[in-house]
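Listed below are the residues making up each chain.
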Amino acid sequence: MPEPATVPIPAATLVLFRERMGTPELLFVERSRAMAFAAGALVFPGGRVDPGDHVLAQQYGDDVEDGASRIAAIRETLEEVGVPVGLPPLSATEITGLRAALQAGVPFGQALSAIDVTLSITDLVPFARWCPSHAPARIFDARFYLAEVPLDAPEPIVDDTENVRVFWATAQDVLDLADRGAATIIFPTRRNLERLALFDSFAAAVSHAARHPIRTITPWVEPRDDVPHLCIPTDLGYPITAEPMHKTVRG
């Protein structure tokens with residue numbers, strides 16, 4: 001049975017940074033147009049938190065909800081794009097094997113135990129939490145985390161199921177694509193990209209995140225000069241906190 005519309009589904013998203021020359025690049029996936037949520041949109045890797053993530057999180061501290069979200073972000077990123085985060089150095093064969101196990105439905109904890117690997121969930125930096133309330137069928141309570149990819153990390157490979165494309169780009173590049181009508185980004189992604197475009201390094205993003213509280217963001221509608229706007233709080237680090245409803249793309 002589908003989840004009741006009033007019950008948010010816990011989810012986790014991972015914003016991956018790659019620093020080379022100039023502005024840091026972020027990893028994006030393009031959602032399949034067949035998906036019920038954010039069809040055809042550019043998003044960060046991530047997905048819902050599974051019961052197994054909660055079981056595994058009990059090994060990593062007292063905050064099981066946060067731990068499960070971090071584990072889900074790591075697991076979903078590995079499954080969707082094949083990039084290991086929060087893991088020790090692994091061979092290409094081990095990465096491929098882990099990903100194949102996840103795609104076959106093997107619990108993450110079991111797959112890790114099979115190669116005697118533990119996670120470093122503290123490698124992930126909390127950045128934001130969004131829980132929109134408008135969705136007619138699904139509402140995701142999504143925690144966003146930041147992580148840096150080492151220079152020798154494997155190139156991402158799209159899973160070709162939920163997503164059809166994976167690529168690196170700067171936050172501003174993707175905003176420009178959307179403004180030209182060449183890409184779709186939903187409201188939370190646009191607000192996060194505007195914030196991420198402020199940073200010239202991963203360290204700057206981490207510092208900014210540390211200076212701002214993380215409260216669950218549930219956008220609301222209010223009139224601004226008689227025009228309905230979708231709004232978010234003004235004290236959470238976002239440079240743009242309102243957008244006219246007629247311009248808004250929602251999931």
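Residues numbered from 1 in each chain as written. Predicted model: local features only at pLDDT ≥ 70, side-chain atom pairs only at ≥ 80, totals over all residues. Heavy atoms only, no water.

Q: Give a description of the packing of aromatic side chains that names residues and reports values.
A: Scanning the model with the defined rule gives five aromatic pairs in all. Between Trp 130 and Phe 187, the ring centres sit 6.0 Å apart and the planes meet at 70°, which makes this aromatic pair edge-to-face. With Trp 130 in strand β5 (residues 125-130) and Phe 187 in helix α6 (residues 187-196), this residue pair connects regions lying 57 residues apart in the sequence. As far as the burial class goes, Trp 130 and Phe 187 line up, both buried. Ring centres 5.8 Å apart and planes at 85° place the aromatic pair Trp 130 and Tyr 238 in the edge-to-face group. With Trp 130 in strand β5 and Tyr 238 in the loop between β10 (227-231) and β11 (242-244), this residue pair connects regions lying 108 residues apart in the sequence. For Trp 130, a relative accessible area of 1% puts it in the buried group. Tyr 238 gets classed as buried once you look at its relative accessible area, which sits at 5%. Through a chain of ring-to-ring contacts, the aromatic side chains of Phe 28, Phe 44 and Phe 167 assemble into a single cluster. Here the basic side chain of Arg 195 rests over the ring of Phe 127, its NZ or CZ set 3.9 Å away from the ring centre. (Phe/Tyr/Trp six-rings, centres within 6.5 Å; stacked < 30°, edge-to-face > 60°. Helix = DSSP H or I, 4+ residues; strand = E, 2+ residues; numbered from the N terminus. Buried < 20%, exposed > 50% of the residue type's maximum accessible area, 1.4 Å probe, protein only. Lys NZ or Arg CZ within 6 Å of the ring centre and 35° of its normal.)

Q: Before we move on, can you summarise helix α7 (residues 202-210) with the specific residues and values?
A: Along α7, the residues that are buried comprise Phe 202, Ala 205, His 208 and Ala 209. Projection of α7 onto a plane perpendicular to its axis shows the buried side chains occupying an angular sector of 125°, all on one side. Away from the buried face of α7 by more than 90 degrees, exposed residues Ala 203 and Ala 210 are located. In this structure, the buried residues of α7 make contact with β1 (9-18), β5, β6 (140-148) and α6. (Arc of directions from axis to C-beta. Contact = heavy atoms within 4.5 Å.)

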